Amino acid sequence: MAWKTLDDMDLSGKRVLTRVDINVPVEDGRVTDATRITRIVPTVQDILAKGGTPILLAHFGRPKGKYVPEMSLRVTLPALEEALGRPVTFIEKPSRDQIDALPMETVVLIENTRFTEMEEKNDPMMANFLASLGDVYCNDAFSAAHRAHASTEGVAHLLPSCVGRLMAEELSALDAALGNPVRPVVAVVGGAKVSTKLDLLGNLVGKVDHLVIGGGMANTFLAAQGVDVGKSLCEHDLADTAREILSKAEAAGCEIILPRDIVVAREFKADADSETLSPDACPADAMILDAGPATVAYIEEVLKAAKTLIWNGPLGAFEIEPFDAATNAAARAAAALTKAGSLTSVAGGGDTVAALNQAGVAGDFTYISTAGGAFLEWMEGKTLPGVAALG
Ligand code: ADP
Ligand code: MG
């Protein structure tokens with residue numbers, strides 16, 4: 001891979017500007033979930049171990065370029081200090097003199113980068129100012145890498161740059177899943193709408209061997225093939241697009257796997273009366289809310305023969321029982337194959353991570369990306385500016 005890691009840099013006596021994602025949930029002035037903070041610990045410890053001074057840069061919330069007291073990063077200090085097991089120096093308005101005056105081995109956290117509109121505008125003035133605070137730039141915020149901001153992109157051009165531990169791990173997991181995967185590769189794409197995942201589907205059909213289409217978006221594909229989907233969530237105006245994706249897949253030799261049986265109900269509520277039917281038998285007054293057991297059995301068969309899985313989007317309306325059944329069963333199959341060593345499995349997406357947690361298997365996947373938008377843009381085959389700037 002083209003980018004340098006912390007191991008490639010001489011950090012001794014250097015101020016290491018480190019872009020992290022500690023955009024954690026806060027309630028009543030306290031961090032309620034410190035997962036993101038815990039995940040940056042290896043990078044910070046590594047910089048310290050190599051004799052560098054980590055100067056953490058991060059955004060917090062959406063202050064839109066203005067100072068918003070409730071969005072001060074100060075609130076993260078106790079959780080950060082606890083995770084690192086050492087004090088952290090918080091600096092509201094940094095200057096190089098101030099940073100030079102700090103003893104070595106200090107960990108510094110700088111106030112919310114988004115308190116000035118120069119950040120999101122990727123203003124060269126801000127990038128230059130940030131660069132003046134450090135000797136080396138380290139990006140450990142993959143989840144912000146789809147944005148070309150001053151602290152994620154601009155500054156990377158101005159200092160010797162590298163990726164942090166967390167981002168290196170994420171990039172190599174993603175590379176193993178889609179960049180340079182062991183074949184056969186299966187992609188599972190589900191979720192609500194085709195319209196939000198057009199670029200993603202378009203990119204995947206050219207790269208994977210099997211593409212499972214599930215969730216609400218499968219209805220759009222079924223309808224495009226002339227099937228009556230009743231009251232199901234369906235984007236009828238995308239029928240042509242769906243057919244284009246199907247023919248692109250055929251040309252690329254990618255097998256498209258649509259539901260082979262469907263679970264329908266008249267109401268979208270827990271334990272609503274439901275039945276399993278053939279895909280062309282959805283009653284006019286019913287909705288397709290999940291894939292059925294025959295579909296799951298076929299997905300399992302394909303996964304068994306596969307070496308790599310990339311997953312975004314649940315196969316059904318998983319928030320409500322029993323419409324979580326197909327997602328849970330396919331997730332458990334993927335987890336078991338991963339544990340047995342025959343499958344590399346990578347998943348991402350807000351609802352996908354929630355669904356895999358609900359199925360109790362998130363820990364058994366090879367890698368779960370919590371990067372949200374950056375993960376999706378990467379699945380779409382886009383170049384992420386924060387990654388490209390490190391090359
Ligand atoms: P992610 O956040 O992982 O990218 P999406 O946001 O695209 O996933 O999709 C998740 C949503 O799709 C869930 O709220 C789920 O209920 C919905 N969904 C899945 N299948 C269906 C269906 N058949 N009908 C209606 N909604 C569905
Ligand atoms: Mg979602």
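Residues numbered from 1 in each chain as written. Chains lettered and ligands numbered in written order. Predicted model: local features only at pLDDT ≥ 70, side-chain atom pairs only at ≥ 80, totals over all residues. Heavy atoms only, no water.

1. Remarks on the site of ligand 1
Line of reasoning, step 1. Close contacts around ligand 1 come from 17 residues, with Lys 197, Ile 288, Glu 319, Asp 351 and Thr 352 the closest.
Line of reasoning, step 2. Take Lys 197: an N or O atom from its side chain is 2.7 Å from an oxygen atom of ligand 1.
Line of reasoning, step 3. Between ligand 1 and Asp 351 there is a distance of 2.9 Å, counted from an oxygen atom to a backbone nitrogen or oxygen.
Line of reasoning, step 4. Bound to the protein, ligand 1 loses 82% of the 580 Å² it would expose on its own. (Near = heavy atom within 4 Å. Polar contact = N/O pair within 3.5 Å; in protein donor to acceptor, adjacent residues only side chain to side chain. Areas by Shrake-Rupley, 256 points an atom, 1.4 Å probe, with all protein chains shown as cover.)

2. So, the packing of aromatic side chains
Line of reasoning, step 1. Using the criterion set out here, one finds three aromatic pairs in the structure.
Line of reasoning, step 2. Relative to Phe 365, the ring of Trp 311 has its centre 6.3 Å away and its plane inclined at 55°; by these criteria the two rings are tilted. In this pair, Trp 311 sits in strand E15 (residues 308-312) while Phe 365 sits in the loop between helix H12 (350-358) and strand E17 (367-369), placing the two residues 54 residues apart along the sequence. As far as burial versus exposure is concerned, Trp 311 and Phe 365 are alike and both buried. (Phe/Tyr/Trp six-rings, centres within 6.5 Å; stacked < 30°, edge-to-face > 60°. Helix = DSSP H or I, 4+ residues; strand = E, 2+ residues; numbered from the N terminus. Buried < 20%, exposed > 50% of the residue type's maximum accessible area, 1.4 Å probe, protein only.)

3. Description of the nonpolar core
Line of reasoning, step 1. With 63 residues, the main nonpolar core has Phe 142, Leu 211, Ile 310 and Trp 378 as its most contacted residues.
Line of reasoning, step 2. Element by element, the count of residues in this core is highest for helix H6 (residues 165-179), at seven residues.
Line of reasoning, step 3. Composition of this core by domain shows at least three residues from each of domain 1 (6-167) and domain 2 (181-379).
Line of reasoning, step 4. Ile 310 has contacts with Ala 177, Leu 178, Val 185, Val 186, Ala 187, Val 188, Val 346, Phe 375, Trp 378 and Met 379, leaving out every residue within four places of it along the chain.
Line of reasoning, step 5. Judged by nonpolar contacts, the second largest core, of 29 residues, contains Val 188, Leu 315, Ala 326 and Ala 362. (Core = buried A, V, L, I, M, F, W, Y, C linked by side-chain atoms within 4.5 Å. Domains from an automatic or database assignment. Contact = heavy atoms within 4.5 Å.)

4. A few points about the pattern of salt bridges
Line of reasoning, step 1. This structure, assessed with the given rule, holds 20 salt bridges.
Line of reasoning, step 2. The salt bridge involving Arg 165 is made with Asp 7; its shortest N-O contact spans 3.0 Å. Of the two residues, Arg 165 is situated in helix H6 and Asp 7 in the segment before strand E1 (15-19); the sequence distance between them amounts to 158 residues.
Line of reasoning, step 3. With its nearest N and O atoms 3.4 Å apart, the salt bridge here joins Lys 121 to Glu 117.
Line of reasoning, step 4. The exposure class of Lys 121 is exposed, given its relative accessible area of 57%. (Salt bridge = Lys/Arg side-chain N within 4 Å of Asp/Glu carboxyl O.)

5. Brief notes about the layout of surface pockets
Line of reasoning, step 1. Quantified by volume, the largest pocket comes out at close to 510 Å³.
Line of reasoning, step 2. Along its surface, the largest pocket is lined by 37 residues, and Gly 191, Ala 192, Gly 216, Pro 314 and Gly 316 are the ones closest to its centre.
Line of reasoning, step 3. Counting residues per element, the ones that place at least two in the lining of the largest pocket are strand E10 (210-213), helix H8 (215-224), strand E14 (287-291), helix H10 (293-305) and H12.
Line of reasoning, step 4. The element contributing the most residues to the lining of the largest pocket is E14, with five residues.
Line of reasoning, step 5. A breakdown of the residues in the lining of the largest pocket according to their chemical character gives 19 nonpolar, 14 polar and four charged.
Line of reasoning, step 6. Of the pockets and cavities examined, the second largest pocket occupies roughly 370 Å³.
Line of reasoning, step 7. The wall of the second largest pocket is formed by 16 residues, among which Glu 92, Pro 94, Asn 112, Phe 115 and Thr 116 lie closest to the centre. (1 Å grid on protein atoms, 1.4 Å probe; cavity = no way out; pocket = protein on both sides within 12 Å on 5 of 7 lines; lining within 4 Å. Points joined across faces, edges and corners; volume = space filled by probe spheres on them. Nonpolar A, V, L, I, M, F, W, Y, C, P; charged D, E, K, R; others polar.)

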